[in-house]
Structure formats: C-alpha cells, structure tokens
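What the coordinates show
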Amino acid sequence: MRQLGRMMERRSMPLAVALIIIAMAGWMHPVQASEEAWQALRQGGTVALFRHARAPGTGDPANFQLDDCSTQRNLSEEGRQQAQRIGDAFRSRQVPVERVLSSRWCRALDTARLAFGALAQPAPPLDSFFSGREQEPSQTAAARRIIEGWDSTGVLVLVTHQVNITALTGVFPSEGEALVLRPRASSGFDVIGRIKF
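Residues numbered from 1 in each chain as written. Predicted model: local features only at pLDDT ≥ 70, side-chain atom pairs only at ≥ 80, totals over all residues. Heavy atoms only, no water.

**Some words on the confidence of the model for the chain**
Going by this rule: The predictor's confidence in any single residue is recorded as pLDDT, a number from 0 to 100. By definition in these notes, contact holds between two residues if any of their heavy atoms fall within 4.5 Å.
Residues at a pLDDT of 70 or more form 83% of the chain, whose mean pLDDT is 88. Across residues 1-13, where pLDDT falls below 50, the model places 14 contacts with residues more than four positions away in sequence or in other chains. Here residues 17-31 is modelled with pLDDT under 50, and outside its nearest four sequence neighbours on either side it reaches 24 contacts, counting other chains as well.

What follows is the structure in structure tokens.
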C-alpha cells in the first residue's frame, strides 16, 4: 500500500485504477460484523459514513445542475424506501444521532432527509467528485477533518458518494451501506464495521 501511495503521488497511476486497487485491498481485510458496528453506534462517539441509497445509473447527466434535482440522478422508489429503513433502524436501535451532514447532490440529501428528517444539513466537502477528480485531494482532506474532529458522545452521520468513501477508507460500499468509524485520540480513524440495508 505504501508503494501505491508513492505511485499516486507521482500521478503515474490513474485515480480510477488506484481506487480499484485500494478497494480490493479493503476486501482482503474484512471489517468486523455489523452487530459490532451497531454496538459501537449505540455507545456513541462514532461516525456513520453512508453512501446514498439506491439511485440507478452512474455519475450524473451531462446537463447536471446542483440546484435542479430534475437534471440529476435521483433515488429510485426502492432507494427512497431504503432510506426510510435506515432511519427506522437507527431509531429502533436507539442510536444517539446528534448531527447529520450530507452531500448537496439530491440523491444524498434525499437519503439524509428521509432517514433523519430535519437533522440533515448540506456539507460541500461531501459532494461527489466523480466528474471533477481534481477536487478529490482537498475534499477528502476536508471530510477527514470532519471525521477526526468528532469528539461528541453522540453519533455523526455523513451521507456521501462511493468515490468519496473509497478515497477516505479504501472500501467500495454498496448503495445505502454505512461504514462505522471511530476517530482516534491523536489523528485518523478506525473502521469498526459495515452495515448494509
């Protein structure tokens, strides 16, 4: 992995290829079972990093506009139901959600709002950089600061996109999947587990 990092620094490897290799490395080191992840969420002091719920397709249409959901790839009806199940599961398991931040893309915001209601707030560092790969380093650094800075006894929920999550963690998540993270006392964070809906 260290050699991969040096190759990426020299920009000799396309980002997409590097992300695939990182994702595969994550698969070779599976994280703990989802019940342990739920337990970590109930205890608080953790971050639930979500990929938005099901939204058919890849990327966004050529005429994409941030302020017009009709130009974007949106949640399917299945995705809307999945987002509601996410919120129901958090409430039934008494997870102490304190703050919810989301990408400004409609499929992410809709996921956050359907699951967590009025707690959802837009956060540009979580926006997709699928079509703007030059933004990846600064956005990933900003998202990392949000995660590492979480020191509350409650839970921070972040709703974002596959490319963002893979850049942060090396994991390629399913739509609607959460990674449970625990910020370290010094810097960085640990991936405690994964929860699929």
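**Thoughts on the packing of helix α4 (residues 77-92) against helix α5 (residues 106-116)**
Applied cut-off: Angles run from 0 to 180 degrees between N-to-C directions of axes, and those axes are lines fitted to C-alpha atoms, restricted for helices to the stretch in contact. Every helix listed is a DSSP run of H or I at least four residues long, and every strand listed is a run of E at least two residues long, numbered separately from the N terminus. For classification purposes, angles smaller than 35 degrees are called roughly parallel, those larger than 145 roughly antiparallel, those between 65 and 115 roughly perpendicular, and all remaining angles oblique. For a crossing to be left-handed, the near helix must be turned anticlockwise from the far one by less than a right angle; the clockwise case is right-handed. Three classes are used, and their members are as follows: Ala, Val, Leu, Ile, Met, Phe, Trp, Tyr, Cys and Pro are nonpolar, Asp, Glu, Lys and Arg are charged, and the others, Gly among them, are polar.
The interhelical angle for the contact between α4 and α5, taken along N-to-C directions, is 40°, at an axis separation of 7 Å. Between α4 and α5, the angle is such that the two are oblique. For the pair α4 and α5, the crossing hand works out as right-handed. Between α4, through R80, A83, Q84, I86, G87, F90 and R91, and α5, the contact on the second element is made entirely by D110, T111, L114, A115 and F116. For the contact of α4 with α5, the class distribution of residues is six nonpolar, three polar and three charged.

**Considerations on α5**
Using the following cut-off: Three labels apply to residues, based on accessible area from a 1.4 Å probe with only protein chains included: buried if under 20% of the type maximum, exposed if over 50%, partly exposed otherwise in between.
With eight of 11 residues buried, α5 is to be regarded as a mostly interior element. Its buried side turned inward, α5 meets β1 (46-51), α4, β2 (97-102), β3 (120-122) and β4 (155-160). G117 occupies a position one or two residues after α5 and carries a positive phi of about 60°.

**Observations concerning the sheet that holds β1**
For clarity, the threshold we go by: Two strands pair under a simple rule: DSSP has to find at least two bridges between them.
Read from one edge to the other, the open sheet built from six strands follows the order β3-β2-β4-β1-β5-β6, with strand pairing classed as mixed. The sheet terminates laterally at β3 and β6 (189-195), the two strands that pair on one side only. Averaged over all adjacent pairs, the angle separating strand axes in this sheet is 25°, with direction ignored. Pairing of β2 with β3, which is carried by three bridges, proceeds in the parallel orientation. Residue pairing for β3: V100 is matched across the bridge by A120. The sheet contacts of α5 involve β1, β2, β3 and β4, and relative to β2 the element is tilted by about 160°.

**Quick notes on the state of the cysteines**
Put simply, the rule is: Two cysteine sulfurs form a disulfide in these notes if their separation is within 2.5 Å.
Under the defined criterion, the tally for this structure stands at one disulfide. Sulfur-sulfur distance for the disulfide between C69 and C106 comes to 1.9 Å. Taking the sign of the S-S torsion, about -80° here, the bridge from C69 to C106 comes out left-handed. Linking C69 in the loop between β1 and α4 with C106 in helix α5, this pair joins segments that are 37 residues apart in sequence.

**Some thoughts on the packing of aromatic side chains**
Basically, it comes down to this: Only centres within 6.5 Å qualify two rings of Phe, Tyr or Trp (six-membered ring in Trp) as a pair; their planes then separate them into stacked at under 30 degrees, edge-to-face at over 60, and tilted for everything else.
Enumeration over the complete set of coordinates arrives at seven aromatic pairs. Relative to F197, the ring of W38 lies with its centre 6.0 Å away and its plane at 85°, an arrangement referred to as edge-to-face. Of this pair, W38 sits in helix α3 (residues 34-43) while F197 sits in the segment after β6, and the two are 159 residues apart along the sequence. Note on W38: relative accessible area 5%, which makes it buried. Judged by centre distance (5.9 Å) and plane angle (35°), the rings of F50 and F197 are tilted. A residue pair is termed long-range when its members are at least 10 positions apart, and F50 in strand β1 and F197 in the segment after β6 qualify at 147 residues. According to the relative accessible area criterion, F50 is buried, its value standing at 1%. Feature note: the residues W38, F50, F90, F116 and F197 constitute an aromatic cluster, connected by ring pairs.

**What about the side chain of Q162?**
This is how it is decided: The definition of a polar contact used here is a pair of N or O atoms within 3.5 Å, where within protein one atom must be able to donate a hydrogen and the other to accept one, and adjacent residues in sequence count solely through side-chain atom pairs.
Position of Q162 relative to the elements: it lies in helix α7 (residues 162-169). Within the structure, the side chain of Q162 is placed 2.9 Å from the side chain of T166, a separation counted as a polar contact. Non-local contacts of Q162, meaning those with residues more than four positions away in its chain, are made with R51, F172 and P173.

**Side note on the side chain of H52**
Tracing the sequence through the fold places H52 in the loop between β1 and α4. Relative accessible area serves as the criterion here: at 2%, H52 is assigned to the buried category. Here the side chain of H52 touches R107 through a polar contact of 3.3 Å, side chain to side chain. Residues contacting H52, with those up to four places away along its chain left out, are R73, R107, A108, T111, V159, T160, H161, E175 and G176.

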